[in-house]
Amino acid sequence: MVGTAGTLDKRNRIALALLVSCAAAGCEAPGQEPPPGPEVVELDIAGIHQGLQNGDFTCAELVTAYLTRIEAYDRQGPALHAIVTINPQAMDRALEADERLAGSGLDPDRPLECVPMIVKDNYDTADLPTTAGSASLKGSIPPDDAFQVQRIREAGAIVLAKSHMAEFAFSAYESLGSIIPGHVRNPYDPYRVPAGSSGGTGAAVAASFGAAGLGTDTGNSIRGPSSHNALFGIRSTMGLTSRDGIVPLNLFRDIGGPMARTVEDAVRVFDVLAGPDPADEATEGFEREADYLRYLDAGPLTDFRIGVVRQLSDTETADAEISALFEAALADLGELGAVIVDPVRIEALEAERSLWCNPFRAQLEAYLESLGPDAPVTTLHDLIEGGDFHPSIRPRLETALEVEAEPEEVCTEANERAGELRAEVRGRFEDQDLDALAYPTWSNPPRLLGDLTTPDGNNSYQLSPPTGFPAVTVPMGFTPAGLPGGLQLLGNALGEGALFRISYAYEQATAHRKAPPTTPPLPR
């Protein structure tokens, strides 16, 4: 579809627009074959770029293939309800990419060229609504992109769609909001949850609605949905990535980052995201490494020591099948040469004092002010009075409304206790010469939709958010019922490289990732 002069003429643009609309509707002209294009199920970034270089498909055809899958599976079939908004400009961005590729090929300064991505709906996008899953922010168009969205776009990525989420990121357990009706469903079992709050990104990336995605994580919400959807997810060291333009839940804990089907794809995205941002003071003084991709080494792990936090893995309510996956993961890491230090005890985990606080009101209202005069609401009080939210979050909103103090005052004690935990965990890393701590991301499999009473097994909020240390989750296999489990690895501050190295070697040796059965390849 690329002309001899390397540009796309008007007729080709019209044809491509018709191709998208027809493919999405499932139509086919009598006597004609389905339109050409790639099979995108489990297609990784390297495969996208290789296919573009080889001329196997165009960027426009790639975008069409993903849009067709969204049409087939998000409101039909398993009805995942993962997508809130499809970007109407996605095809224009694809055509522009095809023009660039026809002129000069892949540009190393655009490492995400033509990579269709799913962005959680609490990231500001200047060309698409940002609602944080809430009808109270319906139609809200921010004045500019979030820093991370800006970075992926500058790297060539295409924001294909915004994903559904737990409203205002309140829930770690399910992804249910008011902007569209219904739960986000897990593609490995649509009667189960994908976790929250980034469940829409998790389900969409697992189902190959996009090549990779962006989620946010205050206590769990990158790692939990990644674990429940057999993905690799990264929560970075606090300050290594910017939170600018992300609707806040608790800026003392909030992090944004990638979710992907492979370690390599997530690291490729992370390599674009990491770095300072003048708009986020938390990033001041933090220096990123020059190249995180160098840690993608599948060699033996003989130089690594991994501690096991039995306080998180061996609980009374831990599921036996998830525990078996965890023990097998430890054995696999040992087979790869890692020294397993078992157990490593963290005394602060036994303390009954809370590490959490509630600065939501002041931080949300500061965000609403940043939207300017077109903000749908300007105060939490007005938001509650309007009633445009799911009834399940009313208690959370009303509790937050009662907090009138400034965030620093509200969170003084919690942050002091978090500092004590940080010091102890840092001491364990240093005293025992550890590179990572290991435990199940969730000690229980994904719950059934609507179940908020059975044991959940969420371990993600315990260490990484209050310490500010990085953590990843990598698939560690499936239960006999086909439900995913995730291995969580916590590193010391700025220890992302070690986590990537361990995760990549483990992923390559075990190959646990497999596509969900409810969203198979579409007929070509």
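Residues numbered from 1 in each chain as written. Predicted model: local features only at pLDDT ≥ 70, side-chain atom pairs only at ≥ 80, totals over all residues. Heavy atoms only, no water.

Engineer: Which residues make up the overall build of the protein, and what values go with them?
Structural biologist: When its secondary structure is counted, the protein shows 17 helices and 11 strands. If one aligns the C-alpha atoms of the protein with their principal axes, the spans along those axes are about 70 × 60 × 45 Å. A buried classification covers 58% of the 524 residues belonging to the protein. If you take every contact in the protein between residues at least 6 apart in sequence, the share linking residues at least 24 apart comes to 76%. Of the charged side chains in the protein, 39 are positive and 76 negative, and the gap between their average positions amounts to 3 Å. (Helix = DSSP H or I, 4+ residues; strand = E, 2+ residues; numbered from the N terminus. Buried < 20%, exposed > 50% of the residue type's maximum accessible area, 1.4 Å probe, protein only. Contact = heavy atoms within 4.5 Å. Lys, Arg positive; Asp, Glu negative; His and termini not counted. Charge placed at Lys NZ, Arg CZ, Asp CG, Glu CD.)

Engineer: Summarise the nonpolar core; cite the residues concerned and give the values.
Structural biologist: Within the largest apolar cluster, 92 residues are counted, with the highest numbers of intra-cluster contacts made by Leu 112, Ile 152, Phe 209 and Leu 487. If we ignore the near neighbours within four places in the chain, the residues touching Leu 112 are Ile 45, His 49, Met 117, Ile 152, Ala 155, Gly 156, Ala 157, Arg 268, Val 269 and Val 272. (Core = buried A, V, L, I, M, F, W, Y, C linked by side-chain atoms within 4.5 Å.)

Engineer: Requested: an account of the environment of Arg 524, with residues and values cited.
Structural biologist: Among the structural elements, Arg 524 can be located in the segment after α17 (496-510). Separated by 487 residues in the primary sequence, Arg 524 and Gly 37 have C-alpha atoms spaced 8.5 Å apart.

Engineer: Pulling in residues and values, what's your account of the pairing of strand β9 (residues 436-440)?
Structural biologist: Most of β9 sits inside the fold, with five of its five residues counted as buried. Side chains Ala 436, Ala 438 and Pro 440 project from β9 onto one buried face, and the interleaved Leu 437 and Tyr 439 project onto a second face that is buried too. Across three bridges, strand β7 (residues 305-308) lies against β9 in parallel orientation. Within β9, the position partnered with Gly 307 by the bridge is Leu 437. (Pairing = 2+ DSSP bridges.)

Engineer: Give a description of unusual backbone geometry that names residues and reports values.
Structural biologist: For the bond from Gly 196 to Ser 197, the omega torsion is -5°, close enough to zero to count as cis. For Ser 197, the location among the structural elements is in the loop between β3 (158-163) and α6 (199-206). The omega torsion of the bond from Asp 342 to Pro 343 falls at 0°, within 30 degrees of zero and hence cis. Here Pro 343 shows up in the loop between β8 (339-341) and α11 (360-370). Positive phi, close to 55°, is recorded for Cys 114, a residue that is not glycine. Mapped onto the elements, Cys 114 comes out in the loop between α4 (90-104) and β2 (116-120).

Engineer: Explain the packing of helix α3 (residues 59-73) against α4 residue by residue, including any values.
Structural biologist: Where α3 contacts α4, the two axes come as close as 7 Å, and the packing angle between them is 150°. It follows that α3 is roughly antiparallel to α4 by the angle criterion. Side by side, α3 and α4 meet where Cys 59, Ala 60, Val 63 and Thr 64 of the first sit next to Ala 90, Met 91, Ala 94, Leu 95, Ala 97 and Asp 98 of the second. Each residue belonging to the contact of α3 with α4 can be placed in one class, and the counts come to eight nonpolar, one polar and one charged. (Axes fitted to C-alpha atoms, helices over the stretch in contact; angles between N-to-C directions. Parallel < 35°, antiparallel > 145°, perpendicular 65-115°, else oblique. Nonpolar A, V, L, I, M, F, W, Y, C, P; charged D, E, K, R; others polar.)

Engineer: Any details on the pairing of β3? Residues and values, ideally.
Structural biologist: Among the six residues that make up β3, six are buried, leaving the element largely enclosed by the rest of the structure. Across three bridges, the pairing between strand β1 (residues 83-86) and β3 is antiparallel. Paired with Thr 85 across the bridge in β3 is Lys 162. Pairing geometry for β2 and β3, over five bridges, is parallel. Directly across from Val 119, in β3, lies its bridge partner Lys 162. Running through helix α5 (residues 147-154), the crossover from β2 to the neighbouring parallel element β3 is right-handed. (Right-handed = clockwise from strand over helix to strand, strands pointing away.)

Engineer: Provide a residue-level description of the sheet that holds β1, including the pertinent values.
Structural biologist: Strand order in this open sheet of 11 strands is β1-β3-β2-β4-β6-β5-β10-β11-β9-β7-β8, and the pairing throughout is mixed. A strand with exactly one partner marks an edge of an open sheet, and here the two such strands are β1 and β8. Direction aside, the axes of adjacent strands within the sheet are offset by 30° on average. Relative to strand β11 (residues 484-490), strand β10 (residues 471-478) runs antiparallel, the two sharing six bridges. Looking at the pairing, Phe 478 lines up with Pro 484 of β11. The sheet contacts of α3 involve β1, β2 and β3, and relative to β3 the element is tilted by about 10°.

Engineer: Please set out the confidence of the model for the protein residue by residue, giving values where relevant.
Structural biologist: Averaged over every residue, the pLDDT of the protein is 94; residues scoring 70 or more account for 93%. Overall, residues 1-32 carries pLDDT values under 50, and its contacts beyond four positions in sequence, including any with other chains, amount to 32 contacts. (pLDDT = per-residue confidence, 0-100.)

Engineer: Help me get a handle on the state of the cysteines, residues and values and all.
Structural biologist: Scanning all chains against the criterion turns up two disulfides. With its sulfur 2.0 Å from that of its partner, Cys 59 forms a disulfide with Cys 114. Between Cys 59 and Cys 114 the disulfide shows an S-S torsion of about 105°. By sign, it is right-handed. Of this pair, Cys 59 sits in helix α3 while Cys 114 is found in the loop between α4 and β2, placing the two residues 55 residues apart along the sequence. The pair Cys 59 / Cys 114 is uniform in exposure class, with both members buried. At a sulfur-sulfur separation of 2.0 Å, the disulfide partner of Cys 357 is Cys 411. On the sign convention where negative means left-handed, the S-S torsion of about 95° between Cys 357 and Cys 411 marks this disulfide as right-handed. (Disulfide = S-S within 2.5 Å.)

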